[in-house]
Structure formats: structure tokens, C-alpha cells
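# Remarks on the overall topology
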Amino acid sequence: MEKAPEIEENSDDQITDGSLSIKNATSADLPSMTGAMANEAYTLEVHKPKAEIDNAKDKPETIYSELKEIQDSKEKERSLEEVRSKRGGILTRILTNKIVSNGLDFVPYVGGVKMLVESIAGTTLHREKLTTKERIIHAAVGASVLAMDVLLPGLGTAGGEGVTIAGKSIPLLEKLAAKTAQKGALRSSKIFERVALFIAEHPKLLQKTEEIAQNRIKSFIRKNRNYREGGEMTSAT
Amino acid sequence: MRIIDELIKFGEDGDELAFWSDIYDYLDANEQSEIFNNLKEELEIYKK
């Protein structure tokens with residue numbers, strides 16, 4: 001008669017939960033087993049080594065900490081994005097103030113063009129995120145548009161829609177540097193000079209930003225044709 | 001600025017930070033402090 005497999009309690013290297021273990025059982029034994037015994041044999045097949053079971057017990061905790069880590073990292077990225085975006089805004093404000101405070105323009109309509117400058121500073125063509133480098137270039141091109149309005153008035157005239165910024169940002173910033181130097185504002189002049197140098201080093205980004213600015217200018221002019229005469233201002237967006 | 005060196009170590013764009021370093025001395029005191037605080041805030045976020 002064929003020897004039945006031995007059954008013992010708590011085989012210490014396999015079972016940790018108090019269920020029965022079947023020692024020396026082979027797959028050939030399975031068809032001869034019935035009822036509870038056969039079920040125990042199948043139980044044996046799904047048991048895992050102790051270490052794996054311990055890991056499984058920790059799993060909810062592991063998932064929780066992984067999720068927490070992802071959440072923290074997203075939160076961190078959001079905070080970083082916010083602080084970087086503020087930095088771009090600081091540059092836009094610095095350049096705009098330098099143009100205005102150095103007496104390059106005193107007329108009230110500058111407020112309207114400032115709106116346009118801010119819109120250029122924070123816009124992309126396809127709603128993608130701006131890199132920190134692009135934020136500098138956007139602020140610079142925005143300042144160039146303001147300079148264009150100040151130095152080459154025409155945005156608000158009948159031919160305003162034909163005004164183009166393409167290829168003009170660097171010369172306009174250089175002009176701003178020269179004008180402010182003439183007025184004795186040497187520090188402001190150096191800033192415009194450095195900004196012009198920076199954007200000259202990134203021609204592709206500059207070209208892309210000038211395209212964005214051009215779209216904004218057109219939209220601004222359509223909506224604010226008479227802004228020089230004190231008409232109500234509407235954002236370029 | 002030491003802050004800039006540290007931010008570069010965290011992977012921030014060296015070109016952008018070099019630009020700020022470049023114009024820093026020509027900014028007015030309030031502008032300097034504004035940009036300094038902004039960079040410091042970013043560094044603190046990285047170090048959290």
C-alpha cells in the first residue's frame with residue numbers, strides 16, 4: 001500500500017500562520033487526496049517564504065509612504081514653479097520701472113502697454129510651462145515692446161497693426177541702454193545691456209518669444225486702438 | 001552669491017542664475033533684496 005504523506009503542524013520554514021503543512025507531498029499525491037486534505041495541499045502551494053509574508057504585511061504602509069512621497073514631490077514642484085514664476089515677474093517689473101522711472105515715458109497710456117508687457121511675460125504659444133530662461137526672455141521682449149511704444153510710437157496709430165517686433169528686441173534694448181546712459185542712469189543702462197546680451201545668446205527662444213509678442217500686440221491693438229487718447233484698456237488676452 | 005552655487009547643485013539652470021548674478025550689482029537695494037529673498041526661498045524649498 002502506498003505510504004500516505006505525513007501531516008505535521010507548523011513546519012517552521014514554510015508556515016507561519018498555524019495552518020497544516022504536508023511534508024514530503026508530491027504532485028502525484030494530490031489526486032489521491034480528498035476533502036480538507038486536498039485543500040491543505042493547495043494551501044501549501046500558495047504559501048510563500050516567511051520574509052515575503054512579512055513584506056506583504058507591510059505593503060499598505062509601503063504604498064502609503066510611496067504615495068506620500070509622490071504627493072510631497074508634486075507639492076515641492078508646485079512651490080518651485082511658483083517661486084520661479086515670481087522671479088520672472090520681478091524682472092518684468094524691474095525692466096518696466098526702469099523704462100518709466102528714467103523719464104523715458106511719462107504719459108498715462110503707458111499703463112495700458114504695461115498690461116500688454118505683463119501678458120507677453122506670462123504667455124506661451126501652446127500653454128506649456130515656461131522655463132526660467134524663457135521667463136527672462138519673455139520679460140526682455142515685453143520690455144522691448146514697451147520701448148518700441150516709447151521710442152518708436154506707432155502701436156496706437158492707424159498703422160499700429162503693421163508694427164512688428166520680430167528682430168527688434170535686441171536693438172530696442174540696446175537703445176534703452178544708450179538712452180538711460182545719456183540720462184546718467186548708468187546702472188539701469190547696464191541692466192538693459194546685460195538683458196540684451198542674454199537674449200542674443202538664445203536666438204531660437206528669442207524668435208519664439210517675439211512671435212508670441214507679435215500675436216499679443218495685434219490682439220492688443222485690435223482691442224485698444226485708441227489707448228493713446230485715454231480710451232479704456234483691455235488686456236491683450 | 002553662495003545661494004546661486006547651491007541652487008545650481010540642486011539642478012537649477014546655470015544660465016538663468018548667471019544672468020541674475022550678472023545684473024545683481026546694478027539693481028537698486030530693494031530690487032536686490034527682492035531677488036535675493038526669492039532665490040533664498042527657492043533654496044529652502046529644495047532643502048525641505
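Residues numbered from 1 in each chain as written. Chains lettered and ligands numbered in written order. Predicted model: local features only at pLDDT ≥ 70, side-chain atom pairs only at ≥ 80, totals over all residues.

Along chain B, the regular secondary structure elements total 3 helices and 0 strands. In chain B, the succession of α and β elements from N to C terminus is α-α-α. Each principal axis of the C-alpha distribution contributes one length, and for chain B these read about 30 × 20 × 15 Å. Looking at chain B as a whole, 19% of its 48 residues are labelled buried. (Helix = DSSP H or I, 4+ residues; strand = E, 2+ residues; numbered from the N terminus. Buried ≥ 20, exposed ≤ 12 C-beta atoms within 10 Å, placed from the backbone.)

Once that is clear, we can look at the overall build of chain A. The helix and strand tally for chain A stands at 7 helices and 2 strands. Sequence-ordered secondary structure for chain A, helices as α and strands as β, is β-β-α-α-α-α-α-α-α. The 237 residues of chain A split such that 31% are buried. When contacts within chain A are restricted to residue pairs at least 6 apart in sequence, long-range pairs at least 24 apart make up 65% of them. (Contact = placed C-beta atoms within 7 Å.)

This part takes up the interface of chain B and chain A. Each side of the interface is counted separately: chain B has 16 residues, and chain A has 17 residues. Broken down by secondary-structure element, the contributors of at least two residues to the side of chain B that touches chain A are α2 (14–24) and α3 (29–47) of chain B. Examining the composition of the side of chain B that touches chain A, we find that 7 residues originate from one element, α3 of chain B, more than from any other. Residues that form the side of chain B that touches chain A fall into these classes: 6 nonpolar, 1 polar and 9 charged. (Nonpolar A, V, L, I, M, F, W, Y, C, P; charged D, E, K, R; others polar.)

All names here are of chain A. Taken N-terminus to C-terminus, the directions of helix α5 (residues 169–182) and helix α6 (residues 186–200) make an angle of 165°; their axes are 7 Å apart at the nearest point. When the axes of α5 and α6 are compared, the pair comes out roughly antiparallel. With respect to the hand of their crossing, α5 and α6 are arranged in left-handed fashion. Counted together, Ser169, Ile170, Leu173, Glu174, Leu176, Ala177, Thr180 and Ala181 of α5 and Leu186, Ser188, Ser189, Phe192, Glu193, Val195, Ala196, Ile199 and Ala200 of α6 form the full contact between these two elements. Along the lines of polarity and charge, the residues of the contact of α5 with α6 split into 11 nonpolar, 4 polar and 2 charged. (Axes fitted to C-alpha atoms, helices over the stretch in contact; angles between N-to-C directions. Parallel < 35°, antiparallel > 145°, perpendicular 65-115°, else oblique. Left-handed = near helix turned anticlockwise from the far one by under 90°.)

The next point concerns the nonpolar core. Side chains of a nonpolar character, in soluble globular proteins, are inclined to be buried together. Of all hydrophobic cores here, the largest spans 44 residues; its most connected members are Ala140, Ala143, Val145, Leu173 and Val195 of chain A. Contributing elements (two or more residues each) for this core: α2 (50–104), α3 (110–121), α4 (132–151), α5, α6 and α7 (203–223) of chain A together with α2 and α3 of chain B. In this view, Val145 of chain A contacts Leu116, Val117, Ile120, Ile165, Ala213 and Ile217 of chain A; residues no more than four positions away in its chain are not counted. (Core = buried A, V, L, I, M, F, W, Y, C linked by C-beta atoms within 7 Å.)

Let's shift gears to the environment of Asn30 of chain B. Along the chain, Asn30 of chain B turns up in helix α3. Distance from Asn30 of chain B to Lys40 of chain B, taken between C-alpha atoms, is 15 Å for residues 10 residues apart in sequence.

Residue and element names in this part refer to chain A. Along its 21 residues, α7 runs 30 Å from first to last C-alpha, staying within 8% of the 30 Å computed at 1.5 Å per residue. Of the positions making up α7, those classed as buried are Leu206, Thr209, Glu210, Ile212, Ala213, Arg216, Ile217, Phe220 and Ile221. Relative to the axis of α7, the buried residues are bounded by an arc of 165° and lie together on one face. Pointing more than 90 degrees away from the buried face of α7 are the exposed residues Lys204 and Arg222. (Expected span 1.5 Å × (residues − 1). Arc of directions from axis to C-beta.)

Residues and elements named next belong to chain B. The contact between helix α1 (residues 2–9) and α2 brings their axes to 10 Å, and the two run at 175°. The angle between α1 and α2 falls in the class roughly antiparallel. Residues Ile4, Leu7 and Ile8 of α1 touch α2, and the partners they reach there are Gly14, Leu17 and Ser21.

Another point: the environment of Ile94 of chain A. Among the structural elements, Ile94 of chain A can be located in helix α2. Sequence separation of Ile94 of chain A and Ala181 of chain A is 87 residues, and the distance between their C-alpha atoms is 17 Å. Residues in contact with Ile94 of chain A, not counting those within four places in the same chain, are Leu27 and Glu31 of chain B.

This paragraph deals with α3 of chain B. Residues and elements named next belong to chain B. If you check α3, its first and last C-alpha atoms are 27 Å apart, about what 19 residues at 1.5 Å a residue would give, namely 27 Å. Looking only at α3, the buried set comprises Ile35, Leu39 and Glu42. Each buried residue of α3 lies within a common arc of 55° when the element is viewed along its axis, so the set occupies one face. Facing away from the buried side of α3 by over 90 degrees, the exposed positions are Ala29, Asn30, Ser33, Glu44 and Lys47.

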